[in-house]
Amino acid sequence: GDSVTQMEGPVTLSEEAFLTINCTYTATGYPSLFWYVQYPGEGLQLLLKATKADDKGSNKGFEATYRKETTSFHLEKGSVQVSDSAVYFCALPNQAGTALIFGKGTTLSVSS
Amino acid sequence: DGGITQSPKYLFRKEGQNVTLSCEQNLNHDAMYWYRQDPGQGLRLIYYSQIVNDFQKGDIAEGYSVSREKKESFPLTVTSAQKNPTAFYLCASSIPLAGVGDTQYFGPGTRLTVL
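Presented here is a report on the structure given in the accompanying data block. Quick caveat, the model's predicted, so the values are computed rather than measured.

**A few points about the interface of chain A and chain B**
Right, on to step 1. Opposite the 20 residues of chain A that make contact, chain B presents 24 residues.
Right, on to step 2. Across the chain A/chain B interface, buried area totals approximately 1,600 Å², and carbon plus sulfur atoms make up 54% of it.
Right, on to step 3. When the buried surface of chain A facing chain B is broken down by residue, Leu44, Thr98 and Phe102 of chain A rank first, second and third, together holding 27% of it.
Right, on to step 4. The tally of links from chain A across to chain B stands at six residue pairs in polar contact (both at pLDDT 80 or more).
Right, on to step 5. Elements with a contribution of two residues or more to the side of chain A that touches chain B: strand E5 (33–38), strand E6 (44–50), strand E10 (86–93) and strand E11 (100–102) of chain A.

If you want it as structure tokens, here you go:
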């Protein structure tokens, strides 16, 4: 079945470091792909999404490119801030399009 | 402002008691969802509803029940049959696009602790 695999955390970085969080997927066809972010004690917020192959989603300095050749949707940011500390989830729709399948989440901790 | 509200934020219950978690949205979305989040396990789908008066089981529906009598509301009942109910519960809604999937909007969550 469809699935999402994220790199395990925690990821610990210093402020202004480069961030990559890997996400690969298994799916039938070319579904939309999503990155969500969860700040401590809160619900999830959509960070960015891409709806077709080669699309690049971007928001708040984060980017991710939908690569069908490698079935990947890696999240990147050129210079992280302490305020980026959160849990990041990669997700895609299930085959029926009735719900999202989430990865297990990657915790990012940024120190000043 | 449009959004999703969940109440209460923290909930404590004794073992063996049923408890109902509230979820309300004013986004005019047709679809609503309940997820359970446990440390290191990501989100797991409990129930979802694509339209009023209809709902479907997700991956971990055992021990839970829902109703969808109004478009705006999708309450979740955690019954005494749920073996390990202590968790963070998240409600979400979306405008469903069958076969494509669409952005889900999440509430702030309810942390349930069973004593």
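So, next bit.
**Regarding the pairing of strand E8 (residues 62–65) of chain A**
Residue and element names in this part refer to chain A.
Right, on to step 1. Across four bridges, the pairing between strand E7 (residues 56–59) and E8 is antiparallel. When the bridges of E8 are listed, Gly57 appears paired with Ala64.
Right, on to step 2. With antiparallel pairing between neighbouring strands as the criterion, E7 and E8 make up a hairpin whose turn holds two residues, including Lys60 at a positive phi of roughly 55°.
Right, on to step 3. Two elements, E8 and strand E9 (residues 75–77), share three bridges in a ladder whose sense is antiparallel. Directly across from Ala64, in E9, lies its bridge partner Leu75.

**Examining the sheet that holds strand E7 (residues 64–66) of chain B**
Sheet strands pair by backbone hydrogen bonding; their relative direction is either parallel or antiparallel.
All names here are of chain B.
Right, on to step 1. Across the sheet, which stays open at both edges, the four strands sit in the order E1-E3-E8-E7 with antiparallel pairing between neighbours. Taken across any chain shown, the strands that pair with only one partner, and hence form the sheet edges, are strand E1 (4–7) and E7. Strand-to-strand twist across the sheet, computed as the mean angle between neighbouring axes with direction ignored, equals 20°.
Right, on to step 2. Looking at chain direction, E7 and strand E8 (residues 76–78) are connected through three bridges and run antiparallel. Along E8, the bridge assignment pairs Ser65 with Thr77.

Reading the values: the criteria
- Residues numbered from 1 in each chain as written.
- Chains lettered and ligands numbered in written order.
- Predicted model: local features only at pLDDT ≥ 70, side-chain atom pairs only at ≥ 80, totals over all residues.
- Heavy atoms only, no water.
- Contact = heavy atoms within 4.5 Å.
- Buried area = accessible area lost by both parts, 1.4 Å probe.
- Polar contact = N/O pair within 3.5 Å; in protein donor to acceptor, adjacent residues only side chain to side chain.
- Helix = DSSP H or I, 4+ residues; strand = E, 2+ residues; numbered from the N terminus.
- Pairing = 2+ DSSP bridges.
- Axes fitted to C-alpha atoms, helices over the stretch in contact; angles between N-to-C directions.

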